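Spelled out, the chains give:
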Amino acid sequence: STPSTGLAGATVKGTCVAQLSDDCFAFGGKMLSIEATLRRIAQDFHCIADTERVPLHGADGRILAEDVTAPIDLPPFDNSAVDGYAVRFDDLTGRSELPVIGRLAAGARAEEPLQPGTAWRIFTGAALPPGADTVFMQEDVRLDAEGRVHFPPGLRRGANTRPHGEDVARGDRKSTRLNSSHITI
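Here the residue index of a chain counts from 1 through its sequence in written order. The model is predicted, so local features are restricted to residues of pLDDT at least 70 and side-chain atom pairs to those at 80 or more, both for listing and for counting; the totals for chains, interfaces and linings are taken over all residues. The side-chain quantities take in all heavy atoms of the structure and omit both hydrogens and water.

### Let's talk about the overall build of the chain
Helix and strand content of the chain: 2 helices and 12 strands. Along the chain, helices and strands appear, N-terminal first, in the series β-β-α-β-β-β-β-β-β-β-β-β-β-α. Burial here depends on accessible area, computed with a 1.4 Å probe over protein chains only, as a share of the maximum for the residue type. Under 20% is buried, over 50% is exposed, and the range in between is partly exposed. Taken across its 185 residues, the chain has 23% of its residues classed as buried. Residues are treated as being in contact if the distance between any of their heavy atoms lies within 4.5 Å. Restricting the contact set of the chain to residue pairs at least 6 apart, pairs at least 24 apart contribute 65%. When the accessible surface of the chain is summed, it comes to about 13,200 Å², and 54% of that surface belongs to carbon and sulfur atoms. Think of it this way: any DSSP run of H or I at least four residues long counts as a helix, any run of E at least two long counts as a strand, and we number them from the N terminus. Here the open area of atoms and residues is found with the Shrake-Rupley method and a 1.4 Å probe, where only the protein chains shown may cover a residue.

Encoded structure:
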């Protein structure tokens, strides 16, 4: 042992290997037996088998007593993850602009499907019009005076959308330690 450097010598197959004396993996003491380890666990940790009802505001950090089954998909419909323009991905081939023929506010649903070769102005949370599968972010496009949206190339199919059931699918079963994201649902 060399106290000035904090190193201890160890021999591995005839070679001296330097080892830090405070190395957490260099345990030189006697190992506890399995029985002693189990006794220590039983002594220091107590199993909680009881359940209790607590108000929702007091449920943070609690573990569910039984599985919860999701009764619906969340989100309940395919929707836009951003403010922008909903399009059919297949309409983008060979085009860099489309006429904007409709507008969907957050939470709204289209009365009619998206017609081929057109775009709809859409806001975060609005249901995608039937037929739309991709959304361009408003920051990435330009709207001209004739009401046509000009978009850049390279967006992938499904970009900026949230499919129904993405967060939670109907029928999912969960038994978990609750946190604020669970409690808000």
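### Topic: the pattern of salt bridges
Salt bridges are defined as contacts in which a side-chain nitrogen from Lys or Arg sits within 4 Å of a carboxyl oxygen from Asp or Glu. Applying the stated criterion across every chain, the model contains 7 salt bridges. A salt bridge links Arg148 to Glu97; the nearest nitrogen and oxygen atoms lie 2.5 Å apart. Of the two residues, Arg148 is situated in strand S10 (residues 148–150) and Glu97 in strand S6 (residues 97–104); the sequence distance between them amounts to 51 residues. Between Arg157 and Asp133 there is a salt bridge; the shortest N-O distance is 3.0 Å. In this pair, Arg157 is assigned in the loop between S10 and strand S11 (161–162) and Asp133 in the loop between strand S7 (119–122) and strand S8 (134–137), connecting sequence segments 24 residues apart. Owing to a relative accessible area of 23%, Asp133 belongs among the partly exposed residues under this scheme. Shared partners join several salt bridges into a network, and the residues in it are Asp90, Asp133 and Arg157.

### Some remarks on the environment of Val135
Within the secondary structure, Val135 is located in strand S8. The contact partners of Val135, leaving out residues within four places of it in the chain, are Ser80, Val82, Gly84, Tyr85, Ala86, Ile122, Leu128, Leu155, Ala159, Asn160 and Thr161.

### Some points on the pairing of strand S5 (residues 84–87)
Two strands make a pair as long as DSSP finds a minimum of two bridges between them. For S5 and S7, the ladder comprises 3 bridges, and the chain directions are antiparallel. Residue pairing for S7: Gly84 is matched across the bridge by Ile122. In this structure, S5 lies alongside S8, joined through 4 bridges in antiparallel fashion. Across the sheet, Tyr85 pairs through a bridge with Phe136, a residue of S8.

### Some points on unusual backbone geometry
Glycine aside, negative phi is the norm for most residues, and most peptide bonds take the trans geometry. With an omega dihedral of -5°, the bond running from Leu74 to Pro75 counts as a cis peptide bond. Looking at where Pro75 falls in the secondary structure, it is placed in the loop between strand S3 (68–69) and strand S4 (79–80). The phi dihedral of Asn160 falls on the positive side, at around 60°, and the residue is not glycine. In this structure, Asn160 sits in the loop between S10 and S11.

### Side note on the sheet that holds S5
Pairing is mixed in the open sheet, where 6 strands are placed in the order S8-S5-S7-S6-S10-S9. The open sheet has two edge strands with one neighbour each: S8 and strand S9 (142–143). In this structure, S6 lies alongside S10, joined through 3 bridges in antiparallel fashion. Within the sheet, the bridge partner assigned to Leu98 lies in S10 and is Val149.

### Description of a nonpolar patch on the surface
Where nonpolar side chains cluster on the molecular surface, the patch consists of Ile34, Leu38, Ile41 and Phe45 and spans about 460 Å² of accessible area. Tracing the backbone through its elements, the reader meets Phe45 in the loop between helix H1 (34–44) and S3. Judged by relative accessible area, Phe45 falls into the exposed class, the value being 60%. Patches here are clusters of residues that have more than 30% relative accessible area and form no salt bridge, with a 9 Å joining cutoff for like charges and a 5 Å cutoff for nonpolar side chains (Val, Leu, Ile, Met, Phe, Trp, Tyr).

### Things to note about the nonpolar core
We call a set of buried residues a nonpolar core when its members are Ala, Val, Leu, Ile, Met, Phe, Trp, Tyr or Cys and they connect through side-chain atoms within 4.5 Å of each other. Val82, Ala86, Leu104, Ala110, Leu114, Trp120, Ile122, Ala126, Leu128, Ala132 and Val135 together form the largest nonpolar core, which totals 11 residues. Aside from chain neighbours lying at most four places away, what touches Leu114 is Ala86, Val87, Arg88, Ala119, Trp120, Pro129, Pro130 and Ala132. Judged by nonpolar contacts, the second largest core, of 9 residues, contains Tyr85, Val87, Leu98 and Phe136.

### Points about the confidence of the model for the chain
Values of pLDDT, ranging from 0 to 100, describe the predictor's confidence in every residue of the model. Of all residues in the chain, 84% attain a pLDDT of 70 or more, and the chain-wide mean is 85. Predicted confidence is poor over residues 1–8, with pLDDT under 50, and the contacts of this stretch with residues over four places away or in other chains come to 12 contacts.

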